[in-house]
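Commentary on secondary and tertiary structure
Here are the chains, one letter per residue:
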Amino acid sequence: MQNKFILFKLFFIMGFVVQAQIKKGNNTTDWPVLTTYNQNHIAKIAMPIGGIGTGTVSLGGRGDLRDWEIMNTAAKGYTPTSEKLRYVGPFFALFTQTANGKKDTRVLEGPLDYALYEGAFGSTTVNHGFPRFESSSFKAAYPFGQVLLSDKKVPLDVRIKAFNPLIPGNADASGIPIAVITYELTNTTDETVQASVCANMPNFIGEDGSVREPNGRGNALIPVGAKNNKNIFRKETNVQGVFMSSVGVEKNETAWGTMALTTPNEEKVTYRTSWSKEVWGNSRLDFWDDYSADGRLENREHNGEDRPMASMAVEVSVPANSSREVTFYLTWHFPNRETWTPADDGLSNTLTNYYTTKYSDAWDVIEKTKPQLPTLEGKTNAFVTAFVNSDLPNVVKEAALYNASTLRTQTCFRTADGNFYGWEGTSNTKGVCHGNCTHVWNYEQATPFLFGELARSMREIEFEYATDNLGMMSFRVGLPLERANLFNRPAADGQLGSIMRMYRDWQLSGDNQLLEKLWPNVKKNMEFCWIEGGWDPNMDGVMDGCQHNTMDVQYFGPNPQMGIWYLGALRAAEEMAKFSGDKAFAKTCKTIFEKGSKWVDENLFNGEYYIHIIEPPKSRDEIAAPLLKGLESKDLGNPAFQLGEGCLVDQLVGQYLAHICGLGYLTNEDNVKTTLKSIMKYNLRDDSSSGFNSMRSFVLGDEKSLVMASYPRERPLFPFPYFTEAMTGFEYTAAVGMMYEGQTENGLTTIKNIRDRYNGLKRNPFNEAECGNNYARAMASWGAVIALSGFQYSAVEKSIQFTDKQGNYFWSNGSQYGTVDIKEKGNTKSITFKVLSGTMTLKSIKLKGFGTKTFKSEIRLTEGKSTEYIITKQ
């Protein structure tokens with residue numbers, strides 16, 4: 001109990017403002033709430049709604065829909081519109097009429113932020129001319145987003161509830177192209193209120209937001225691409241609504257496809273498949289007058305616009321002091337994705353999205369999904385509730401859960417064969433830095449621990465396709481896979497980290513067949529380190545060659561970042577070699593590891609942290625040909641862009657992953673602990689307003705962060721380019737390392753500093769940027785969940801481990817998930833173990849540092865079953 005009390009006391013002292021709670025209401029399904037954002041902290045919120053590999057539309061903090069990224073490309077800031085002046089885009093409106101006949105009509109959004117007021121021709125914000133609610137707030141526990149609207153002039157309070165299914169271990173159920181949006185109307189009066197909720201959406205097929213042309217008015221750039229789009233109203237088995245298609249957009253275009261805006265069949269609806277022709281605002285006025293009269297719509301003939309507006313109003317009666325819900329489904333189907341490595345080599349430059357192989361069009365999506373939605377929502381709720389109700393710090397849960405949203409953005413996609421791919425991030429209009437970049441994806445932990453099959457597909461791509469005969473892994477993979485090695489450049493940290501990730505994913509899955517299949521190339525990847533002119537040609541355990549890495553430069557000479565990655569890869573390769581029956585190779589790896597570990601401690605640790613000894617090559621001839629590609633430093637006698645004696649924020653990243661993998665310490669434990677304390681001492685900026693930054697600014701003003709590198713002693717004239725920046729993925733890596741070493745307060749402070757910067761006022765809580773939006777490295781935040789729970793799982797050995805600290809913890813291994821509740825009982829401890837999804841087979845359960853429960857024979861734990869075990873101190 002004492003450990004748990006100390007943990008919660010720590011949160012209170014640090015001033016965390018997020019709150020975990022379950023909100024009760026009249027809705028049939030209560031949604032968990034992790035974070036509440038008041039009206040002053042919603043301007044930047046854009047929560048992505050969509051499946052893995054499908055693209056998303058985002059729920060804005062005030063209740064609007066923004067960032068329409070459903071057509072195979074990024075589209076930050078893009079809101080499609082229907083007519084020439086582009087005043088009107090997607091919106092939902094509410095009509096109310098009280099018993100005494102008083103009517104009110106307004107959009108279902110909170111007030112516009114002041115920053116959106118100004119413009120040369122007035123506000124440029126889409127839908128700026130509509131009346132709206134005076135008060136709004138946002139509640140979230142991803143993937144559940146809720147916007148609360150109220151206005152003293154409106155007889156109904158409104159809760160907007162939006163989500164897309166997210167179920168760990170089930171990538172297909174978490175990969176449906178749908179946004180489920182429900183409007184919960186609550187009557188706070190003593191009389192029945194007649195109401196109508198109207199959904200409005202332009203058919204913008206062909207217009208993905210990335211291609212823009214001048215509009216001739218102030219030289220503003222407007223999106224283009226829609227052509228001869230058509231809307232039809234349909235009513236079929238499960239739903240009714242508007243089906244959107246195009247006869248003018250070419251079927252091979254990436255923005256060609258279909259969309260559907262629907263509602264359940266039993267609802268009473270009126271609709272329009274087009275608005276009237278736009279002349280000086282008449283189209284907007286015609287709609288407003290029509291809808292405001294009685295909450296119903298009269299259809300209009302197609303007006304000739306390429307982007308016709310569709311509208312559908314659902315009528316509902318809300319009794320006194322009661323609530324009613326109106327639900328809409330937005331579905332889409334855009335099959336064609338351009339490869340990230342186009343070439344004129346006779347191969348196709350168009351990829352097919354995996355999700356589109358499951359459905360014929362957007363209508364098929366909702367017809368197949370609608371019957372499953374209660375189950376899908378229930379399973380999503382079960383996952384999020386278990387996670388939110390765990391005793392982990394709220395800021396850790398927020399960082400982990402909200403960054404997992406990146407898996408659903410245009411950063412990630414799946415091809416028709418089911419393989420999973422990711423950019424590093426995205427710009428506002430396209431992907432940035434292609435190819436499952438190994439030295440970036442090394443850091444993230446959300447994919448393997450939530451969707452193991454997707455992580456394993458990345459390992460297959462790396463070792464089966466991106467590895468050449470020499471054992472060199474291209475750190476960016478080309479597509480289609482016939483171009484896998486088109487980039488043809490290795491990254492030292494990326495290649496070594498992939499070996500460790502192969503070990504992690506094998507242990508989590510117990511997929512011995514996958515290891516057997518990939519082991520020959522995993523071994524080649526390890527042996528590549530030892531080629532002449534390579535990273536460790538004399539096999540002494542020290543990385544001292546030309547080392548391209550995630551700082552986008554090459555380090556020359558021994559350094560902690562590459563050196564400890566190397567030690568981790570050697571340990572992982574040793575264990576995989578043992579299992580594969582390759583005893584000689586296992587011994588080789590062990591011998592090199594032991595020599596290297598000893599050398600790093602004796603030569604790179606300066607008493608406070610590990611440093612880089614710069615050793616320029618005597619000539620280019622000393623460097624193996626594959627390592628010369630993309631060489632940044634032109635003066636090899638005095639190479640620029642080195643770390644030198646700096647204190648690097650992620651110098652222990654290899655140790656970070658080793659702890660997650662259960663591979664033990666790679667260097668001296670005391671040195672590791674001291675280094676992390678030094679990172680907090682030297683790299684923490686309590687106030688960024690006085691610190692110089694020569695590159696990109698992700699931290700400003702009085703914001704706090706860990707900078708990439710500090711130089712308490714001597715600094716090279718031109719260090720690696722990013723040394724004055726602060727980037728969240730690297731900060732999470734340090735924070736998780738601190739937690740593993742018992743420096744929990746420092747770790748939590750670091751994570752809190754990050755999330756304070758992404759607080760809805762200054763930045764979007766669901767978009768941590770680095771080299772692009774929704775950056776993959778930020779998913780290192782899931783590592784804090786693993787570290788604080790002490791979770792370690794091996795499907796190979798059928799063992800599971802947790803911390804010995806009392807509390808309720810969430811766990812997931814990429815295939816199953818559940819909870820464990822640990823309590824003290826005298827000199828023993830009880831654990832109540834529950835599998836919430838899937839089935840597990842175990843031989844042992846361990847509480848780290850306390851004791852192990854070993855079973856005489858394997859036990860099988862089935863979904864939904866809760867079992868208590870007593871563990872005795874050993």
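In the block above lies the structure referred to throughout.
Counting starts from 1 at the beginning of each chain's written sequence and moves along it residue by residue. Side-chain atom pairs in this predicted model are given and counted only at pLDDT of 80 or more, local residue features only at pLDDT of at least 70, and totals for whole chains, interfaces and linings cover all residues. Note: side-chain values were computed over all heavy atoms of the structure, leaving out hydrogens and water.

A word on the overall build of the chain
- For the chain, the count of helices and strands is 17 helices and 41 strands.
- The globule rule puts the C-alpha radius of gyration for 874 residues at 29 Å, and the 28 Å found for the chain is close to it.
- With the principal axes as the frame, the chain shows a C-alpha extent of 85 × 70 × 55 Å.
- Each residue gets one of three labels from its accessible area relative to the maximum for its type: buried under 20%, exposed over 50%, partly exposed in between, using a 1.4 Å probe on protein chains only. Out of the 874 residues belonging to the chain, those deemed buried represent 64%.
- If you take every contact in the chain between residues at least 6 apart in sequence, the share linking residues at least 24 apart comes to 68%.
- Lys and Arg are tallied as positive, Asp and Glu as negative. Neither His nor the chain termini are counted. Working definition for charges: the position is that of NZ of Lys, CZ of Arg, CG of Asp or CD of Glu. The positive charge centre, built from 92 side chains, and the negative charge centre, built from 98, are 4 Å apart in the chain. Strands are runs of DSSP state E lasting at least two residues, helices are runs of H or I lasting at least four, and both sets are numbered from the N terminus onward. Here the globule rule reads 2.2 Å times residues to the power 0.38, and the radius of gyration is calculated from C-alpha atoms. Any two residues having at least one pair of non-hydrogen atoms within 4.5 Å are treated as being in contact.

Digging into the side chain of threonine 409
- Assignment of secondary structure puts threonine 409 in the loop between helix H5 (394-403) and strand S24 (412-414).
- Aside from chain neighbours lying at most four places away, what touches threonine 409 is Pro48, Thr56 and Asn774.

Section: the nonpolar core
- Grouping buried Ala, Val, Leu, Ile, Met, Phe, Trp, Tyr and Cys residues that are joined through side-chain atoms within 4.5 Å yields what is termed a nonpolar core. Counting 250 residues, the largest nonpolar core has Met526, Phe720 and Phe833 as the members making the most contacts within it.
- Counting residues per element, this core draws most heavily on helix H11 (residues 560-579), which supplies 11 residues.
- With residues up to four places along the chain from it excluded, the contact list for phenylalanine 720 reads Met551, Val553, Tyr555, Phe641, Gln642, Leu643, Leu648, Met708, Ala709 and Tyr711.
- Listed in part, the 14 residues of the second largest apolar core include Phe130, Cys198, Leu297 and Met309.

Focus on the sheet that holds strand S8 (residues 103-107)
- Overall, antiparallel pairing links the 5 strands, which are arranged S8-S7-S13-S20-S19 in an open sheet. Of all strands in the sheet, those with a lone pairing partner are S8 and strand S19 (268-272), marking the two edges. Strand-to-strand twist of the sheet, defined as the mean angle between neighbouring strand axes without regard to direction, takes the value 15°.
- Two strands form a pair only when DSSP identifies at least two bridges running between them. Strand direction decides the pairing type here: strand S7 (residues 91-97) and S8, joined by 5 bridges, are antiparallel. By the bridge assignment for S8, threonine 96 is matched with aspartate 104. Angles shown run from 0 to 180 degrees and are taken between the N-to-C directions of axes, each axis being a line fitted to C-alpha atoms and, for helices, limited to the stretch in contact.

A short note on the sheet that holds strand S34 (residues 792-794)
- Pairing is mixed in the open sheet, where 4 strands are placed in the order S34-S35-S39-S40. Here the strands that pair on one side only, and so sit at the sheet edges, are S34 and strand S40 (851-861). Averaged over all adjacent pairs, the angle separating strand axes in this sheet is 15°, with direction ignored.
- In this structure, strand S35 (residues 799-802) lies alongside strand S39 (residues 840-847), joined through 4 bridges in parallel fashion. Bridging from a neighbouring strand, isoleucine 800 pairs with isoleucine 845 of S39.

Overview of the packing of H5 against helix H17 (residues 782-789)
- Where H5 contacts H17, the two axes come as close as 7 Å, and the packing angle between them is 135°. One way to sum up the angle between H5 and H17 is to call them oblique. Packed against H5, whose contacting residues are Val396, Ala400 and Leu401, the element H17 presents Trp782, Ala784, Val785 and Leu788 at the interface.
- Grouping the constituent residues of the contact of H5 with H17 by class yields 7 nonpolar, no polar and no charged. Each angle receives one of four descriptions, namely roughly parallel if under 35 degrees, roughly antiparallel if over 145, roughly perpendicular if within 65 to 115, and oblique otherwise. Residue polarity is assigned by list, with Asp, Glu, Lys and Arg as charged and Ala, Val, Leu, Ile, Met, Phe, Trp, Tyr, Cys and Pro as nonpolar; anything else, Gly included, falls into the polar class.

Structural notes on the environment of lysine 848
- The residue lysine 848 is located in the loop between S39 and S40 in this model.
- With a relative accessible area of 47%, lysine 848 lands in the partly exposed category.
- Sequence spacing of lysine 848 and phenylalanine 802 is 46 residues, and the spatial spacing of their C-alpha atoms is 6.1 Å.
- Those residues in contact with lysine 848 that sit more than four places away from it in its chain are Gln801, Phe802, Thr803 and Asp804.

Description of the environment of alanine 171
- You can see alanine 171 is positioned in the loop between strand S11 (156-163) and strand S12 (178-187).
- Of the residues examined, alanine 171 reaches a relative accessible area of 1% and is grouped as buried.
- For the pair formed by alanine 171 and isoleucine 52, sequence separation is 119 residues and the distance between their alpha carbons is 7.1 Å.
- In contact with alanine 171, other than residues within four places in its own chain, are Arg414, Phe451, Glu453 and Leu454.

A few points about the packing of aromatic side chains
- Only rings of Phe, Tyr and Trp enter the pairing, Trp through its six-membered ring, and a pair is recorded when the two centres are within 6.5 Å. The plane angle decides the type: under 30 degrees is stacked, over 60 is edge-to-face, the rest tilted. Across all of its chains, the model carries 52 aromatic pairs by this definition.
- Centre to centre, the rings of phenylalanine 528 and tryptophan 535 are 5.3 Å apart; their planes meet at 75°, and the pair counts as edge-to-face. Each member of the pair, phenylalanine 528 together with tryptophan 535, is buried.
- The positively charged end of lysine 161 is found above the aromatic ring belonging to tryptophan 31, 5.5 Å away from the centroid. Here, a charge over a ring is recorded when the distance from Lys NZ or Arg CZ to the ring centre is within 6 Å and its angle to the ring normal is within 35 degrees.

As for helix H16 (residues 744-757)
- Helices are assigned an expected span. That span is 1.5 Å times one less than the residue count. Over its 14 residues, H16 extends 20 Å from the first C-alpha to the last, a length consistent with the 20 Å expected when each residue adds 1.5 Å.
- Among the 14 residues that make up H16, 10 are buried, leaving the element largely enclosed by the rest of the structure.
- Listed in full, the buried residues belonging to H16 are Thr744, Gly747, Leu748, Thr750, Ile751, Lys752, Asn753, Ile754, Arg755 and Arg757.

Topic: the pairing of strand S5 (residues 56-60)
- Along S5, 5 of the 5 residues are buried, which leaves the element largely enclosed by surrounding structure.
- What you see with S5 is no split at all: Thr56, Ser58 and Gly60 on one side and Val57 and Leu59 on the other are buried throughout.
- Here strand S4 (residues 46-49) pairs with S5 via 4 bridges, running antiparallel. Paired with alanine 46 across the bridge in S5 is glycine 60.

Things to note about the pairing of strand S17 (residues 239-246)
- Of all 8 residues in S17, 7 are buried, a share of seventy percent or more.
- Linkage of strand S16 (residues 229-235) to S17, two consecutive antiparallel strands, is achieved through a turn of 3 residues.
- Inspection of the sheet shows S17 paired to strand S18 (residues 258-264) by 6 bridges, in the antiparallel sense. Within S18, the position partnered with glutamine 240 by the bridge is threonine 263.

Section: unusual backbone geometry
- The omega angle of the peptide bond from tyrosine 142 to proline 143 is 10°, so this bond is cis rather than trans.
- Within the secondary structure layout, proline 143 lies in the loop between strand S9 (135-141) and strand S10 (144-150).
- Following leucine 479, the chain continues into proline 480 via a peptide bond in cis, with omega recorded as 0°.
- Along the chain, the position of proline 480 falls in the loop between helix H8 (452-465) and helix H9 (492-509).

Considerations on the side chain of arginine 307
- Examined against the element boundaries, arginine 307 turns out to sit in the loop between helix H2 (282-294) and strand S20 (309-318).
- Given a relative accessible area of 11%, arginine 307 falls into the buried group.
- Apart from the residues lying within four places of it in its own chain, the contact partners of arginine 307 are Thr81, Ser82, Glu83, Lys84, Arg86, Pro202, Asn203, Phe204, Glu207 and Ala226.

Some thoughts on helix H10 (residues 512-527)
- Relative to the 22 Å expected for 16 residues at 1.5 Å per residue, H10 spans 22 Å between its end C-alpha atoms, a close match to the ideal helical length.
- The angle between axes fitted to the seven residues ending at a residue and the seven residues starting there is what we call the bend at that residue. The axis of H10 is deflected most strongly, by about 50°, at leucine 518, and proline proline 520 appears within four residues downstream.
- For H10, the set of buried residues is Leu514, Leu515, Leu518, Trp519, Asn521, Val522, Asn525 and Met526.
- Where H10 is buried, its residues contact H8, H9, H11 and helix H12 (583-603).

Quick notes on the pattern of salt bridges
- What counts as a salt bridge is simple: a side-chain nitrogen of Lys or Arg found within 4 Å of a carboxyl oxygen of Asp or Glu. For the structure shown, the criterion picks out 56 salt bridges.
- Residue lysine 161 pairs with glutamate 325 through a salt bridge whose shortest N-O separation is 2.7 Å. Taken together, the positions of lysine 161 in strand S11 and glutamate 325 in strand S21 (residues 323-333) put the pair 164 residues apart, joining distant regions of the chain.
- On the basis of relative accessible area, lysine 161 is assigned to the buried category, the value being 6%.
- The salt bridge partner of lysine 681 is glutamate 608, with a shortest N-O separation of 3.6 Å. Of the two residues, lysine 681 is situated in helix H14 (residues 669-683) and glutamate 608 in the loop between H12 and strand S30 (647-648); the sequence distance between them amounts to 73 residues.
- Classification of lysine 681 as exposed rests on a relative accessible area of 56%.

With respect to the environment of isoleucine 70
- For isoleucine 70, the position within the fold is in the loop between strand S6 (65-69) and S7.
- Residue class for isoleucine 70 comes out buried when judged on its relative accessible area of 1%.
- The spacing of isoleucine 70 and threonine 56 is 14 residues in sequence and 5.3 Å in space, taken between C-alpha atoms.
- Apart from the residues within four sequence positions on either side, isoleucine 70 is in contact with Thr54, Gly55, Thr56, Val57, Phe204, Met259, Trp332, Phe334, Tyr355 and Gln410.

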